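Chain by chain, the residues:
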Amino acid sequence: MTAPRPILLAEDNPRDVELILAVMAEHNLANEIVVCRDGVEALDYLYRRGGFSARRQGNPAVVLLDLKMPKIDGLEVLRTIKADTGLKPIPVVMLTSSREERDLVQSYALGANAYVVKPVEFHSYFNALKALGIFWGGVNEPPPGLARATANGR
Amino acid sequence: MHWSIENRMVAGFGLVLAFVLVIGVVSYSNTKKLIANSLADAHSHGALQALEGTLSTAENAELGQRRYLITGEESYLSPYHTAVSRLPEQLRYLREMTAGNAAQQRRLDSLERLLTRSLEASKEAIVLRRDQGFEGVRHLIFARKVKQEIDEIRFLIEEMVNEESKALTRRAEESQASTRNTILLLAIGTLLQSVLLGSVYYLIRHDITQRKRVAEELRHRGEQLEAANKELEAFSYSVSHDLRAPLRHIDGYVGLLEKAAAPSLDEKSRRYLTMISESAKQMGQLIDDLLVFSRMGRAELRDTPVRLDQLVKEVQHELRHDTQGRNIAWTIGPLPRVYGDPAMLRLVLINLISNAVKFTRTRPLATIQIGVKSGRPGETVIFVRDNGVGFDMRYVEKLFGVFQRLHRAEEFDGTGIGLANVRRIIHRHGGRTWAEGAVDGGATFYFSLPTGTEQA
């Protein structure tokens, strides 16, 4: 059996990144976690360009996408992914502080697969992250034929 | 006294109308008089002509008759015959033309008598001349009597002519004066009307300018308000995103620290960590509540039928974790169907019922009543009553304020925003909220909804 495909985490806040990584490490997730600090980096990774031009082919198991990010925000990244036939099958989980209805509505309208509000409370937060990791990293069967992750044009 | 623009306009236009009426009435009566005068003038001219005609007819007849008496030549009698046939007609015409003038009519009576007498005398003389010849009438020819008669007729006719001429002059003066007055009245009236209409125009224009200014100001304020609303929305959006993150980090790192260092920490240090974590959670709750409160003020209201009895059942179910293991006697009366926003009205009931559940916690048997009460006309009043710890009526107005709490945090939990939300939601529905209670004597919370929307 090959190694599980990586999880792409697009999150600009270093503290959130640290907390998420800590939780994932604690639960011994087999998936590699790739961290992108803004929307541009996340798209670079998905299209294997820029600093990610040398990475192995293949789409990530899941994209955890923060809404508010510098340069290109989460909704824009989501729009790009869901508009690209090659990237469209990747499950995208919005991971955000916002409980605002319009964010929810817009995210689902653009094709998000899940929407998770980061809880303030430590245990809920950790449990949510753990569940996310386990479900999308392991339990969920990703779409087949995900080798074609390259920039086949938009 | 300050008059409104409408009253001033009505007064202005009323005055103008009154002037127009007065001028109309006076002009009408003057014109009528002028027409009457001109008719009377026509009569006078007719009378003058007829008088002249009558005089010459009479004189010619007398002259012709005298010539006949002297010469016996029948042809001289033709003026006499003319007079006999025409005088009655002329007199009748004169009578018509001087109708309404008693003095002239009296003179006309005398004139008629004189003329009749004169014609009769002439007739007699003519007959005498035919029968007896010149000698028979000789004494008549030179008699003064005939001359006197004709002079009398002339004199009478002259008097009548004078009278008519005087009447003509008098009427001409009268007409002139009346015309002058009419012109004067028209001039003054036009001037006054112009002034009045000018004032009314000025008033209306002033009013329109003012209204335009007010409308402009309102529009401007509306824009400002909209901008402020947008800003508020952006603000609460930013709060929702950015204020939560540090709190999450505090609690997250405290959690990590606890996991990493708990075994080596003493009891006191562990308690400190718990306090930090709880404070962060509490602030998170406050932020969430505030966001809900702010959303309640901005969100659009839906207006659909809401079955309150159904809603209460749902809320009871939702609160089952809080009521578990409690001894609560529910009395829920028949509840009406109202019109409003179901999600918001649900929040109202959740707040009121969860409060009732919360504040009866110290009672071995809690009683909670929900029902309808009669209110003012046009409104439906719903109440939620409990036998809980109640409150001091002195602080009743504080109950519905944001973050106002009447109990210490360790007695009863809560952020103090629930009733503020209730009031805001009910106000937005056009209703009222109020409460009654006594310390340790339970509390009753009321809210009203306009029944006007019930038929919507």
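Predicted model, so just to flag it, every value in this text is computed and none were measured.

Chemist: Just checking my understanding: could you explain the packing of helix H1 (residues 5-71) of chain B against helix H2 (residues 78-97) of chain B for this structure?
Modeler: Helices that pack against each other are described as a pair by the angle of their axes relative to one another and the distance between those axes. Residue and element names in this part refer to chain B. Where H1 contacts H2, the axes come no closer than 9 Å and their chain directions differ by 160 degrees. One element, H1, and the other, H2, form an angle in the roughly antiparallel class. Two packed elements cross with a definite hand, and for H1 against H2 that hand is left-handed. Only Pro79, Tyr80, Ala83, Leu87, Gln90, Tyr93, Leu94 and Met97 of H2 make contact with H1, whose side of the interface consists of His43, Gly46, Ala47, Ala50, Leu51, Gly53, Thr54, Thr57, Asn60 and Ala61. By residue class, the composition of the contact of H1 with H2 is 11 nonpolar, seven polar and no charged.

Chemist: I tried to follow the interface of chain A and chain B on my own but got confused; where do I start?
Modeler: By convention, interface size is frequently given as the accessible area that disappears when the constituent parts associate. Listed per partner, the contact involves 23 residues of chain A and 19 residues of chain B. Roughly 2200 Å² of surface becomes buried between chain A and chain B when both sides are summed, with 55% attributable to carbon and sulfur atoms. By the criterion of area lost to chain B, the three top residues of chain A are Glu100, Val120 and Phe122 of chain A, representing 30% of everything that side buries. A salt bridge links arginine 248 of chain B to aspartate 16 of chain A; the shortest N-O distance between them is 2.8 Å. The interface formed by chain A and chain B contains five residue pairs in polar contact (both at pLDDT 80 or more). Looking at the side of chain A that touches chain B, the elements that each hand over two or more residues are helix H1 (14-26), helix H4 (101-109) and helix H5 (122-139) of chain A. Take the side of chain A that touches chain B: its biggest share by element is six residues, from H1 of chain A. In the side of chain A that touches chain B, the residues fall into eight nonpolar, four polar and 11 charged.

Chemist: It is not clear to me how the pattern of salt bridges should be interpreted in this structure. Could you clarify?
Modeler: What the rule picks out here adds up to 35 salt bridges over all chains. For the salt bridge of aspartate 41 of chain B with arginine 171 of chain B, the shortest nitrogen-to-oxygen distance reads 2.8 Å. Of this pair, aspartate 41 of chain B sits in helix H1 while arginine 171 of chain B sits in helix H4 (residues 144-261), placing them 130 residues apart in sequence. According to the relative accessible area criterion, arginine 171 of chain B is buried, its value standing at 9%. Ionic pairing is found between glutamate 112 of chain B and arginine 95 of chain B, a salt bridge with its closest N-O pair at 2.9 Å. Taken together, the residues span a long stretch of sequence, with glutamate 112 of chain B in helix H3 (residues 102-141) and arginine 95 of chain B in helix H2 at a distance of 17 residues. Judged by its relative accessible area of 28%, arginine 95 of chain B is partly exposed. Through salt bridges with shared partners, a single network forms among Glu11, Asp16, Asp66 and Lys118 of chain A together with Arg248 of chain B.

Chemist: Would you mind going over the packing of aromatic side chains with me for this structure?
Modeler: Any pair of aromatic rings gets described here by the distance separating the centres and the angle formed by the planes. Residues and elements named next belong to chain B. Under the counting rule described, the total for this entry stands at six aromatic pairs over all chains. Consider the rings of phenylalanine 391 and phenylalanine 445, whose centres lie 6.1 Å apart with planes at 40 degrees: the pair is tilted. In this pair, phenylalanine 391 is assigned in the loop between strand E5 (379-386) and helix H9 (418-428) and phenylalanine 445 in strand E7 (residues 443-450), connecting sequence segments 54 residues apart. Of the two residues, phenylalanine 391 and phenylalanine 445, neither departs from the other in class, the shared state being buried.

Chemist: Hey, could you run me through the pairing of E7 of chain B in this one?
Modeler: Within a regular strand, the side chains alternate between the two sheet faces. All names here are of chain B. Burial of E7 is extensive: seven of the eight residues sit out of reach of the surface. Across eight bridges, E5 lies against E7 in antiparallel orientation. What sits directly across from isoleucine 382, in E7, is phenylalanine 447. Pairing analysis gives five bridges linking strand E6 (residues 433-437) to E7, with the strands arranged antiparallel. Bridged to glutamate 436 within E7 is threonine 444. Where E6 folds back on E7, the antiparallel hairpin that results is connected by five residues, among which aspartate 440 adopts a positive phi of roughly 65 degrees.

Chemist: Would you mind going over the packing of H1 of chain B against H3 of chain B with me for this structure?
Modeler: Residues and elements named next belong to chain B. Axis separation between H1 and H3 bottoms out at 9 Å; the angle between their running directions is 15 degrees. Compared by their axis directions, H1 and H3 come out roughly parallel. For the pair H1 and H3, the crossing hand works out as right-handed. From H1, Thr54, Ala58, Gln65, Arg66, Tyr68, Leu69, Ile70 and Thr71 reach across to H3, where they touch Leu115, Ser122, Ala125, Ile126, Arg129, Arg130, Phe134, Val137 and Ile141. Class assignment of the residues belonging to the contact of H1 with H3 gives a composition of 10 nonpolar, four polar and three charged.

What counts as what
- Residues numbered from 1 in each chain as written.
- Chains lettered and ligands numbered in written order.
- Predicted model: local features only at pLDDT ≥ 70, side-chain atom pairs only at ≥ 80, totals over all residues.
- Heavy atoms only, no water.
- Axes fitted to C-alpha atoms, helices over the stretch in contact; angles between N-to-C directions.
- Helix = DSSP H or I, 4+ residues; strand = E, 2+ residues; numbered from the N terminus.
- Parallel < 35°, antiparallel > 145°, perpendicular 65-115°, else oblique.
- Left-handed = near helix turned anticlockwise from the far one by under 90°.
- Contact = heavy atoms within 4.5 Å.
- Nonpolar A, V, L, I, M, F, W, Y, C, P; charged D, E, K, R; others polar.
- Buried area = accessible area lost by both parts, 1.4 Å probe.
- Salt bridge = Lys/Arg side-chain N within 4 Å of Asp/Glu carboxyl O.
- Polar contact = N/O pair within 3.5 Å; in protein donor to acceptor, adjacent residues only side chain to side chain.
- Buried < 20%, exposed > 50% of the residue type's maximum accessible area, 1.4 Å probe, protein only.
- Phe/Tyr/Trp six-rings, centres within 6.5 Å; stacked < 30°, edge-to-face > 60°.
- Pairing = 2+ DSSP bridges.

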